[in-house]
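Listed below, chain by chain, are the residues.
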Amino acid sequence: TYGQYNGAVTSGKVLIDKLVRHPVRGDYVDNLGLNDAKYAPEDAIFFKLVAKNTGGSTLSSIKVEDVLPPYVAFISGGDYNAATRVVSVTFTDVQPGQERTTFIQVRALPLAKLPAQKSVICPVNKVTAYTVEQGQDDDSAQFCIGKKAPPATVPATGDPFGIALAFGALPTLLAGWKLRKRA
């Protein structure tokens with residue numbers, strides 16, 4: 001086909017980018033590996049999905065399907081099918097060069113539901129974007145869940161008797177200050 005001034009019209013093409021939120025900094029990154037910060041059991045984990053029309057014509061719809069990995073539970077974002085563990089989002093009428101963004105929130109499972117034999121679990125979360133006009137694209141994001149158990153008790157910060165000693169020393173401090181003024 002030819003566009004205005006007999007130039008070729010490129011068809012719409014879909015590009016999907018999946019990002020995971022860094023658990024410490026809060027920015028979105030492509031992947032989190034073993035050497036990066038880790039999520040803890042029961043932490044909220046956020047994913048950012050960016051679908052883009054990189055072609056020259058409008059895409060009537062982009063259907064995005066995110067397959068949740070094991071060891072997480074769905075919280076919010078999109079339409080969730082519990083039987084297939086797929087979160088679906090559809091963007092309609094996506095113009096050339098236009099991006100559409102959505103967020104998905106999941107929660108890491110409790111410590112008791114994570115595999116006992118591993119101290120760190122690094123699931124990969126995959127997403128696929130489909131269009132009627134121009135096929136599909138997929139991407140994935142890895143993150144890690146560290147199984148460090150929280151401390152059983154809060155460590156003591158000091159001896160409470162030390163406060164009593166400090167208050168008991170106040171009269172001596174005041175007496176010494178008065179004696180110094182007299183001299």
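Throughout what follows, the structure given in this document is the object of discussion. All values reported here derive from a predicted model rather than from experimental measurement. Starting from 1, residues in each chain are numbered consecutively following that chain's sequence as written. Selection of residues for local features in this predicted model requires a pLDDT of at least 70, selection of side-chain atom pairs for listing and counting requires 80 or more, and totals for whole chains, interfaces and linings are taken over all residues. Think of the side-chain values as coming from all heavy atoms in the structure, minus any hydrogens and water.

Some points on the pattern of salt bridges
Salt bridge, as used here, is a side-chain nitrogen of Lys or Arg placed within 4 Å of a carboxyl oxygen of Asp or Glu. Per the stated rule, a full pass over the model turns up four salt bridges. The shortest N-O distance in the salt bridge between Asp27 and Arg25 comes to 3.1 Å. Classification of residues uses two cut-offs on accessible area relative to the type maximum, computed with a 1.4 Å probe and protein chains only: under 20% is buried, over 50% is exposed, and between them is partly exposed. Taking the relative accessible area as the measure of exposure, Asp27 reaches 31% and is therefore partly exposed. On the basis of relative accessibility, which here comes to 55%, the residue Arg25 falls in the exposed class.

A few points about the nonpolar core
Take the buried residues of types Ala, Val, Leu, Ile, Met, Phe, Trp, Tyr and Cys, join any two whose side-chain atoms come within 4.5 Å, and each joined set is a nonpolar core. Core analysis: the largest hydrophobic core is formed by 30 residues, its most contacted members being Val20, Ile45, Ile62, Val64 and Phe143. Mapped onto this core, the elements with two or more residues apiece are strand 1 (14-21), strand 3 (44-53), strand 4 (59-67), strand 7 (86-94), strand 8 (99-108) and strand 10 (124-131). Pairs of residues are marked as contacts when any of their non-hydrogen atoms sit within 4.5 Å. Those residues in contact with Ile62 that lie beyond four places of it in its chain are Val14, Ala51, Val89, Thr90, Phe91, Val94, Ala129, Tyr130 and Thr131. We count a stretch as a helix when DSSP gives it H or I for four or more residues in a row; a strand needs E for two or more, and each element gets its number in order from the N terminus.

Quick look at the sheet that holds strand 1
Strand order in the open sheet formed by five strands is 2-1-3-8-5, and the pairing between neighbours is antiparallel. For this open sheet the edge positions go to strand 2 (28-29) and strand 5 (72-76), each flanked by a neighbour on one side alone. Any two strands between which DSSP finds at least two bridges are classified as paired. As judged from the two bridges shared by strand 1 and strand 2, these two strands associate in the antiparallel manner. Counterpart to Arg21 in the pairing with strand 2 is Tyr28.

So, the environment of Cys122
Take Cys122: it is sitting in the loop between strand 9 (120-121) and strand 10. Residue classification places Cys122 among the partly exposed positions, given a relative accessible area of 27%. Separated by 84 residues in the primary sequence, Cys122 and Lys38 place their C-alpha atoms 9.1 Å from one another. When neighbours within four sequence positions are excluded, Cys122 is seen to be in contact with Leu34, Gln142, Phe143 and Cys144.

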